[in-house]
Amino acid sequence: MTPTIRCAARGVATRATTLLLAALAAGASHAGALTLHLTDSAGKPLVDAVALLEPAGAKVPTKPMADVEIAQAKREFTTRLTLITVGTRALFPNFDTVRHHVYSFSPAKTFELKLYAGVPNVPVVFDKPGIAVLGCNIHDNMAAWVVVADTPWFARSAANGRARIEALPPGAYRLRLWHPGMSGMPEPTTTAFTMPAGDAEHSARLAVSSEP
Ligand SMILES: [Cu+2]
């Protein structure tokens, strides 16, 4: 008798697990791709706009990404815009023969890499969400931006102004939009956005008059 009971119990447990997995799969299948069409104030497609979708409810944890590189060459930052998650490390190699002095005074990340050549031996950890504006103490024209996301759902727009966010579950979000050309606006604009089940499209115009 005992083996039969054990067997039956295991059967129930397996069926419960199967139902649970099926329910989870059904929920996940309602997640869809969100395609954003981002334009400047004149309605022209905007490249390098950043879109972040933060759940209106509980935060969804993110993981740090692999190290990123924000190099300097020909007295410019080779990467003007970097989009990363909280906790990601950045390296600042200098490929020029002149020395640079990279800094940020932004609340999202305040740091300074004093006059250096080559690769500074300590990476910079972007440990808070927000936007860091980078500059160089020696070369005033050098500028770059690091957007640090505190959500797994983010994207930047391509030359056609499109930004695509995959596997976005339906629900209520804060849609945060930002572009380096939004001068004097260190914070993204925020609007409420509801993601329906399945794929969706959304258009938005940003307060950018021309490419920076
Ligand atoms: Cu410099």
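Residues numbered from 1 in each chain as written. Predicted model: local features only at pLDDT ≥ 70, side-chain atom pairs only at ≥ 80, totals over all residues.

**With respect to the overall build of the chain**
This is how the line gets drawn: To qualify as a helix, a DSSP run of H or I must reach at least 4 residues; to qualify as a strand, a run of E must reach at least 2; elements of each kind are numbered from the N terminus. Counting other C-beta atoms within 10 Å of a residue's own tells you its class, since 20 or more makes it buried, 12 or fewer makes it exposed, and anything in between is partly exposed; those C-beta atoms are placed from the backbone. Whether two residues are in contact depends on their C-beta atoms, placed from the backbone: they are in contact if these lie within 7 Å.
Summing up its helical and strand segments, the chain has one helix and 17 strands in all. Relative to its full complement of 212 residues, the chain shows a buried share of 28%. Long-range contacts, defined here as pairs at least 24 residues apart, represent 66% of the contacts in the chain between residues at least 6 apart.

**Here's the deal with unusual backbone geometry**
Even without glycine at this site, Lys74 takes up a positive phi of about 50 degrees. Tracing the sequence through the fold places Lys74 in the loop between β4 (72-73) and β5 (76-77). Residue classification places Lys74 among the exposed positions, given that 7 C-beta atoms sit within 10 Å.

**Focus on the pairing of strand β15 (residues 171-178)**
Rules: Two strands form a pair only when DSSP identifies at least two bridges running between them.
As judged from the six bridges shared by strand β2 (residues 50-55) and β15, these two strands associate in the antiparallel manner. The partner of Leu52 across the bridge, within β15, is Arg176. As defined by bridge partners, β15 adjoins strand β16 (residues 189-195) across seven bridges and the pair is classed as antiparallel. Within β16, the residue paired with Gly171 across the bridge is Met195.

**Overview of the sheet that holds strand β13 (residues 154-156)**
Quick note on the threshold: Only the stretch in contact is used when a helix axis is fitted, and all axes are lines through C-alpha atoms; the angle between N-to-C directions ranges over 0 to 180 degrees.
If you trace the four strands from one edge of the open sheet to the other, you get β13-β2-β15-β16, paired in antiparallel fashion. The sheet terminates laterally at β13 and β16, the two strands that pair on one side only. On average, each strand axis in the sheet is tilted by 25 degrees relative to the strand beside it, whichever way the strands run.

**Points about the sheet that holds strand β3 (residues 68-69)**
If you walk across this open sheet you meet the three strands as β3-β7-β10, and the pairing is mixed. Of all strands in the sheet, those bounded by a partner on one side alone are β3 and β10 (124-126). The sheet contact formed by β3 and strand β7 (residues 88-91) spans two bridges and is parallel. Paired with Glu69 across the strands is Leu91, a residue of β7.

**Let's talk about the environment of Cys136**
Tracing the backbone through its elements, the reader meets Cys136 in strand β11 (residues 130-136). The class for Cys136 is buried, based on 23 C-beta atoms found within 10 Å. As for Cys136 and Phe77, which are separated by 59 residues in sequence, their C-alpha atoms are 9.4 Å apart. Here Cys136 is in contact with His100, His101, Val102 and Met142, once residues within four sequence places are set aside.

**Re the environment of Asp140**
Of note, Asp140 is situated in the loop between β11 and β12 (143-149). Given 8 C-beta atoms within a 10 Å radius, Asp140 is considered exposed. Asp140 sits 65 residues away from Arg75 along the chain, and the two C-alpha atoms are 10.0 Å apart.

**Things to note about the nonpolar core**
This is how the line gets drawn: Nonpolar cores are built from buried Ala, Val, Leu, Ile, Met, Phe, Trp, Tyr and Cys residues. These are joined into a set through C-beta atoms within 7 Å. Bear in mind that the domain bounds are from an automatic or database domain assignment.
Residues Ala51, Leu53, Val146 and Val147 are the most contacted members of the largest nonpolar core, which totals 43 residues. Looking at this core, you find at least three residues from each of domain 2 (32-60 + 152-212) and domain 3 (63-150). Contacts of Leu53, omitting those with residues within four sequence positions, involve Thr151, Trp153, Ile165, Leu168, Tyr173, Leu175 and Phe193.

**Some words on the pairing of β11**
In this structure, strand β8 (residues 100-106) lies alongside β11, joined through two bridges in antiparallel fashion. The residue of β11 that forms the bridge with Val102 is Cys136. Two strands pair when backbone bridges link them, and β11 and β12 are joined in this way by six bridges, in the antiparallel orientation. Counterpart to Gly135 in the pairing with β12 is Ala143.

**Points about the confidence of the model for the chain**
Here is the rule: Summary of the metric used: pLDDT quantifies the predictor's per-residue confidence within the range 0 to 100.
Here the chain averages 89 in pLDDT, and 83% of its residues register 70 or above. Confidence drops under a pLDDT of 50 for residues 1-13, and excluding neighbours within four residues, the segment shows zero contacts in the predicted structure.

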